[in-house]
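Understanding the architecture of this molecule
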Amino acid sequence: MEEKQRLWSYKEGILQCFLMVYAWKAAYAQIHYSIPEEMQKGSFVGNIAKDLGTEGKQLSDHGLRIVPTIGKVQYFSLNSNNGHLQTLERIDREAICEQAEKCILNFQVIVESKRKLYGVEVEITDINDNAPQFPPGEQELKISEISIQGSLFPLPEAQDQDRGMNSVQSYQLIGSSHFSLEEKMSENGARHVELVLEKILDREEQSVYELVLTAIDGGDPVRTGSAQIKVVVLDANDNAPVFSQPLYAVSIEENIPKGSTICRVRADDLDEGINGELKYFFKKATMKDSQMFLLNSTTGTITVTGDIDFEVSSFYELGVRAEDYGGLFDRANVEITVTDLNDNAPELAVSFHTNSINENSPTGTVVAILNVEDQDSGTNGKVTCVISPNLPFQLKKSIGNFYSVVTVDALDREQMEAYNITVTAEDHGTPSLSTTIIIPLQILDTNDNPPLFPQSSYIFYLMENNQRGASVSSLKADDPDSEENSRIRYSIIKGQMGDFALSSFLSINSETGIIYAVSSFDYEEFREINFLVQAQDGGSPPLSSNISVTLIILDQNDNAPEILYPSPPTDGSTGIELAPHSSEPGYLVTKVVAVDADSGQNGWLSYQLLKATEPGLFSIGLHTGEIRTARFFLDKDALKQSLVVLVKDNGQPPLSASVTITVVLADSIPESLSDLSSIPAPADRQSDLTFYLVVAVAFVSCLFFAFLLVLLALRLHRWRNSQLCDSGSMNFSGVPVSQFVGIDGVRAFLHSYCQEVSLTTDSRKSQFNLSKPNYSNTLKNQLSGDPVKADDYSNLSNGDLIIVQVR
C-alpha cells in the first residue's frame with residue numbers, strides 16, 4: 001500500500017511537471033495535449049471548449065462531442081458542463097503502445113453547430129511504473145574449465161516495459177570475483193549484457209558459482225530486478241556451435257494455421273560425442289512471442305502456436321541460441337514478417353447525421369460525417385468511398401479517415417421530398433471487400449414558391465338581376481409548397497365601380513376563392529367590372545400573386561319598350577294624325593318611335609297593328625314602325641280612324657307596349673275639325689262585345705244549373721224507389737233472369753211467388769209494380785189459386801189496373 005501511495009505521489013509530481021497542456025490549431029484544425037500515463041479516472045486533460053472558442057456558452061447549443069472511432073477504445077470523455085477533456089479510465093502506456101517511441105492517442109471532436117471536425121491528439125508520456133524483470137527461475141550457465149580469460153558468455157536479459165530513461169540502464173553482478181559484466185548497445189538501442197571470465201576456472205577447485213545479476217532502470221525512484229545465475233564449470237570443450245547464417249528472414253501470411261512450420265534454424269558443432277550435441281533456445285522471447293511460436297530444442301524447427309493477425313502485429317524478431325553440452329553457444333536472429341490478407345471489410349460509421357435540412361440550404365452544407373476504417377494495411381487497407389450518382393450530394397475528404405457528405409446543388413423539396421443517400425466504401429484488395437450504408441435525409445420546405453393561377457386572366461359572366469349572395473365563380477391557385485406555406489388566402493385588392501367601392505358589390509371567400517355577388521346587378525347600370533384578386537400563402541414572409549378578373553354582366557329582358565312618339569298623353573286622349581283623302585297606297589301617315597333599354601335581341605323591336613277601325617286600310621312596318629296607307633280611301637270609310645299599335649321586343653319572355661293613334665281623313669286641320677264635329681260618336685263596339693259575352697255566360701250557367709236540378713231529381717226518385725223495394729224485404733238473388741222477361745216472365749213469377757202485382761196494360765213492354773208486399777221471405781214451390789193466363793190480359797186497354805191475387 002505504501003508503495004502504491006508513493007507511486008501516486010510520484011505520478012502527481014510528474015503531472016504537475018509535465019501536464020503543460022498546450023494546444024494549437026493547425027491548418028487542419030488539430031489540437032494537441034500531453035499527459036502522463038496511469039492518471040486517475042476523470043483526471044483533467046485539457047479545456048477543449050476554450051481551445052475551440054466555445055467557452056462561456058452552452059455546450060449543448062454547439063453540439064460539442066467526441067466522435068467515436070470504429071474499432072478503437074475510447075479513453076477520454078467530454079464534461080458537458082465545463083467543456084473539460086477528462087480521462088475515462090486509467091491509461092497504461094505499455095498496454096496501448098508497447099515499445100513505441102511515442103504513444104499518441106488520436107480522436108476527433110465535432111462542433112455540430114459549425115458542422116466541423118477537429119482532430120485531437122493526446123500524447124501519453126511514460127512514467128517509471130514497471131521494474132525490470134528477468135525470466136522466472138534460476139538461470140544456469142555452463143562454462144568449460146579450459147575457457148580462457150576474457151571469454152564472454154551470454155546472460156539472460158531483463159525486460160522493462162517502460163521506455164527511455166525509465167527502461168533498463170545498467171546491470172550489476174555480485175557473487176564472485178571470477179566474473180564481471182560487459183554491456184553492449186545494439187543498433188536498435190537495446191542493451192545486451194554478457195558474462196566476462198576474469199580468472200581461470202578450475203573445476204576440481206570449485207565446480208559451481210552462485211551469482212546475482214541485477215538490472216537497474218533510470219527512473220525516479222530507481223527500480224531494479226534480479227536473477228539468480230548458477231555457473232557450472234565443465235570439462236574441456238574446444239569447439240563452439242556455429243549457425244549456418246546469422247539472420248533468418250521469414251515471411252508468412254496472416255491467419256496461417258496453427259502448427260504450421262515457418263522456419264528451421266541450424267547450427268554445426270565440430271566436436272564429437274556429447275560435446276557435439278546441440279540444443280536450441282529462444283535467447284530473448286517476450287511473453288507474446290512465446291505464445292505465438294514454438295522452437296523445437298532438438299531440430300531447431302519453429303512452428304506457429306498462436307493466431308497470427310497482421311492487424312495485431314506485423315513483425316516478430318526472435319533471438320535463437322544454439323548451445324552444446326559443453327556450454328559453448330552461438331547466436332542468430334529470426335525476423336518474421338507477416339503479410340496482410342484482405343480479410344477485413346471496410347467499416348463505415350456515421351459520426352454525425354442530420355435527419356433533415358431546409359431546401360434553401362446553401363451549397364456545401366454538411367449533411368453527415370462518416371468515419372471509414374479498414375484494419376488491413378497496404379493496398380488491402382486503401383479504401384475508396386463513393387456516393388450514389390445523380391444526387392445533389394458529394395463526399396468531401398475531411399480529417400484522417402473522415403468524410404463529409406455535403407450538398408453540391410440547390411435542393412428543391414417540390415421536386416424531391418426525401419433522399420436515401422447510399423455511401424459505399426470499397427478497399428483495393430483482391431478480391432475487394434465493401435461496406436454500404438444508407439443515410440436518410442428529409443428536405444424541409446421553405447416558402448420559395450408563390451401561389452400561381454392556372455390562367456393569366458379570367459373572364460366570368462353573370463346574368464343581371466341576380467340574387468344577393470349568389471356565387472359568381474370560383475378561383476383556384478396552386479402552391480407547390482407544403483403545410484402552412486401552401487395555405488392560400490384570397491382577397492380582392494383592387495377594383496372600383498364608379499363612385500362606389502367594389503366591396504359593396506363583390507366579395508370573395510378567403511379560404512375557397514369563391515366570388516359572391518353582394519348586391520343585385522343591373523346591366524343597364526354596369527356592364528363590365530374589372531378587378532384584381534390576390535392569392536397569398538401563409539409562409540414567412542408570405543408570397544403572393546395577382547390575377548386580373550373581368551366580370552361581364554349579361555342582359556336580361558327586364559325592360560319593356562318605351563314609346564317616344566307619339567308620346568302618350570297624360571289626360572287619356574290620343575294623338576291625332578291627318579291623312580288626305582287623295583292619299584295613295586303607301587302614303588306615310590306617321591311613324592311610331594320606340595326604344596328599349598335592353599341590348600341584343602332583348603332590345604330588338606317589332607311593330608304590329610293590333611287594332612284598327614277599318615282593318616286593311618293601314619299597314620305598319622315590322623321593324624320601322626312606319627304607318628302607311630294600304631289602299632285608297634273610300635267614301636264609306638269613316639273620317640276618324642283609331643289605330644292601336646303594339647311595340648314588342650324579342651326577349652324571352654317578350655315585353656311590349658302599345659299606343660293608340662287617331663288618324664283623321666282630311667286635307668287640312670280646319671276641314672278635319674268640321675268633319676269631326678258632324679260625325680256622331682260611334683258606338684262602342686268593345687262595350688257591345690262585352691255585353692254579349694256576359695249574356696252568353698249567364699245563359700250557359702242557367703242551363704248548367706237546370707241540368708243539375710233535373711239530374712238531382714232523377715237521383716232522388718231512383719233512391720226513393722230503391723228504398724220501397726228494400727222495405728218489402730224481397731230477395732231476388734236466387735231468381736233466374738229469364739223469369740223477369742215479358743209476360744212469360746210475369747207468369748212464371750206468379751207461379752213461383754205469392755205476391756200482389758199491379759200491372760198496366762203496357763206492362764209487357766215496360767215494368768211491373770209491387771203494390772202489396774208479402775212479408776214472407778221464404779218462397780214456396782206450391783201456390784194455391786187459379787192460374788192466370790196471358791190471354792186474359794190481351795184485351796186490356798192502357799191504363800187499366802189489374803189486381804192479381806196470388807195465394
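Residues numbered from 1 in each chain as written. Predicted model: local features only at pLDDT ≥ 70, side-chain atom pairs only at ≥ 80, totals over all residues. Heavy atoms only, no water.

1. Let's talk about the overall build of the chain
The helix and strand inventory of the chain stands at nine helices and 51 strands. Within the chain, the proportion of its 807 residues that are buried is 39%. A separation threshold of at least 6 residues defines the contact pool for the chain, and within that pool the share at least 24 residues apart is 66%. Accessible surface for the chain amounts to roughly 45,300 Å². Of this, 52% is attributable to carbon and sulfur atoms. (Helix = DSSP H or I, 4+ residues; strand = E, 2+ residues; numbered from the N terminus. Buried < 20%, exposed > 50% of the residue type's maximum accessible area, 1.4 Å probe, protein only. Contact = heavy atoms within 4.5 Å. Areas by Shrake-Rupley, 256 points an atom, 1.4 Å probe, with all protein chains shown as cover.)

2. Points about the packing of aromatic side chains
Each aromatic ring pair is described using two quantities: the centre-to-centre distance and the angle formed by the ring planes. Per the stated rule, a full pass over the model turns up 13 aromatic pairs. Relative to F526, the ring of F505 has its centre 5.4 Å away and its plane inclined at 70 degrees; by these criteria the two rings are edge-to-face. Here the residue F505 occupies a position in the loop between strand 35 (500-501) and strand 36 (506-508), and F526 occupies one in the loop between strand 37 (514-517) and strand 38 (528-537), the gap between them amounting to 21 residues. As far as burial versus exposure is concerned, F505 and F526 are alike and both buried. These aromatic residues form a ring-pair network of at least three members: F453, Y458, F460 and Y490. (Phe/Tyr/Trp six-rings, centres within 6.5 Å; stacked < 30°, edge-to-face > 60°.)

3. Points about unusual backbone geometry
For residues other than glycine, phi is negative in most cases, and the peptide bonds are mostly trans. In this chain, D220 is followed by P221 through a cis amide linkage whose omega measures 5 degrees. Mapped onto the fold, P221 is located in the loop between strand 13 (208-217) and strand 14 (224-234). Note the cis peptide between T430 and P431, where omega equals -5 degrees. The residue P431 is located in the loop between strand 30 (418-427) and strand 31 (434-444) in this model. Positive phi values are uncommon outside glycine, yet E38 reaches one of about 60 degrees. Take E38: it is sitting in the loop between strand 1 (30-36) and strand 2 (44-47). Given a relative accessible area of 13%, E38 falls into the buried group. In this structure, N255 takes a positive phi of about 65 degrees despite not being glycine. Tracing the chain through its elements places N255 in the loop between strand 16 (247-253) and strand 17 (261-264). A residue is classified by how much of its surface remains accessible, and N255, at 44% relative accessible area, is partly exposed.

4. Examining the state of the cysteines
By definition, a disulfide is the covalent link that joins the sulfur atoms of two cysteine residues. Scanning all chains against the criterion turns up one disulfide. Paired by a disulfide, C97 and C103 hold their sulfur atoms 1.9 Å apart. Across the S-S bond linking C97 and C103, the dihedral sits near 60 degrees, which makes this disulfide right-handed. As far as burial versus exposure is concerned, C97 and C103 are alike and both buried. (Disulfide = S-S within 2.5 Å.)

5. Quick notes on the sheet that holds strand 9 (residues 152-154)
With antiparallel pairing, three strands are arranged side by side in an open sheet as 9-12-11. Since the sheet does not close on itself, it has two edges, and those belong to strand 9 and strand 11 (179-185), each with one partner. Adjacent strand axes in the sheet meet at a mean angle of 40 degrees when their direction is disregarded. Bridge count for strand 9 against strand 12 (residues 191-197) is three bridges, and the pairing is antiparallel. Looking at strand 12, one finds that P154 is bridged to E194. (Pairing = 2+ DSSP bridges. Axes fitted to C-alpha atoms, helices over the stretch in contact; angles between N-to-C directions.)

6. Considerations on the side chain of N79
Position of N79 relative to the elements: it lies in the loop between strand 4 (76-78) and strand 5 (84-87). On the basis of relative accessible area, N79 is assigned to the buried category, the value being 19%.

7. What about the confidence of the model for the chain?
Per-chain confidence: the chain averages 80 in pLDDT, with 81% of residues scoring 70 or above. Contacts of residues 1-28 to residues separated by more than four positions or lying in other chains number 43 contacts, the stretch itself having pLDDT below 50. Long-range and interchain partners of residues 729-807, a stretch whose pLDDT sits below 50, account for 85 contacts in this model, where long-range means more than four residues apart. (pLDDT = per-residue confidence, 0-100.)

8. Details of the nonpolar core
Ranked by size, the top nonpolar core spans 26 residues in total, and within it L475, L506, F521, F531 and L551 carry the most contacts. Listed by contribution, the elements that provide at least two residues to this core are strand 32 (457-463), strand 34 (488-497), strand 36, strand 37, strand 38 and strand 39 (544-554). Residues within four places of L551 in sequence aside, it is in contact with F460, Y461, L462, V472, L506, F521, R527, E528, I529 and F531. Judged by nonpolar contacts, the second largest core, of 25 residues, contains C263, A267, M292 and I308. (Core = buried A, V, L, I, M, F, W, Y, C linked by side-chain atoms within 4.5 Å.)

9. Side note on the side chain of N466
Note on placement: N466 falls in the loop between strand 32 and strand 33 (471-474). Among the polar contacts listed, one links the side chain of N466 to the backbone oxygen of S519, at a separation of 3.3 Å. Of note is the side chain of N466, whose polar atom sits 3.0 Å from the backbone nitrogen of F521. If we ignore the near neighbours within four places in the chain, the residues touching N466 are A517, S519, S520 and F521. (Polar contact = N/O pair within 3.5 Å; in protein donor to acceptor, adjacent residues only side chain to side chain.)

10. With respect to the pairing of strand 46 (residues 626-629)
Alternating positions in strand 46 separate cleanly, I627 and T629 being buried on one face and E626 and R628 remaining unburied on the opposite face. When strand 42 (residues 588-591) meets strand 46, the two strands line up antiparallel, connected through three bridges. Bridging from a neighbouring strand, K591 pairs with E626 of strand 46. Inspection of the sheet shows strand 45 (residues 618-620) paired to strand 46 by three bridges, in the antiparallel sense. Counted as the bridge partner of I620 is I627 from strand 46.

11. Comments concerning the sheet that holds strand 29 (residues 402-407)
With antiparallel pairing, four strands are arranged side by side in an open sheet as 24-26-29-28. Strands with a single pairing partner mark the edges of an open sheet, and in this sheet they are strand 24 (347-353) and strand 28 (393-397). Across this sheet, the average inter-strand angle for adjacent strands is 30 degrees, counted without regard to direction.

12. Structural notes on the pattern of salt bridges
One pass over the full model with this rule turns up 14 salt bridges. Salt-bridge contacts for E112 lead to R65; the nearest nitrogen and oxygen are separated by 2.6 Å. One end of the pair, E112, is in the loop between strand 6 (104-111) and strand 7 (116-125); the other, R65, is in strand 3 (residues 64-67), and 47 residues separate them in sequence. The partly exposed category is assigned to E112, whose relative accessible area is 28%. What makes R65 partly exposed here is its relative accessible area of 25%. Among the ionic contacts, a cluster of salt bridges with common partners joins R413, E414, E417 and D445. (Salt bridge = Lys/Arg side-chain N within 4 Å of Asp/Glu carboxyl O.)

13. What to know about a nonpolar patch on the surface
Residues F704, F705, F707, L708 and L711 make up a contiguous nonpolar surface patch of roughly 520 Å² in combined accessible area. Within the secondary structure, F704 sits in helix 8 (residues 685-727). (Patch = residues over 30% accessible without salt bridge, like charges linked within 9 Å, V, L, I, M, F, W, Y side chains within 5 Å.)

14. Things to note about the environment of D162
Take D162: it is sitting in the loop between strand 9 and strand 10 (168-174). Separated by 34 residues in sequence, D162 and N128 have C-alpha atoms that sit 6.3 Å apart. A distance of 3.3 Å separates a polar atom in the side chain of D162 from the backbone nitrogen of D129.

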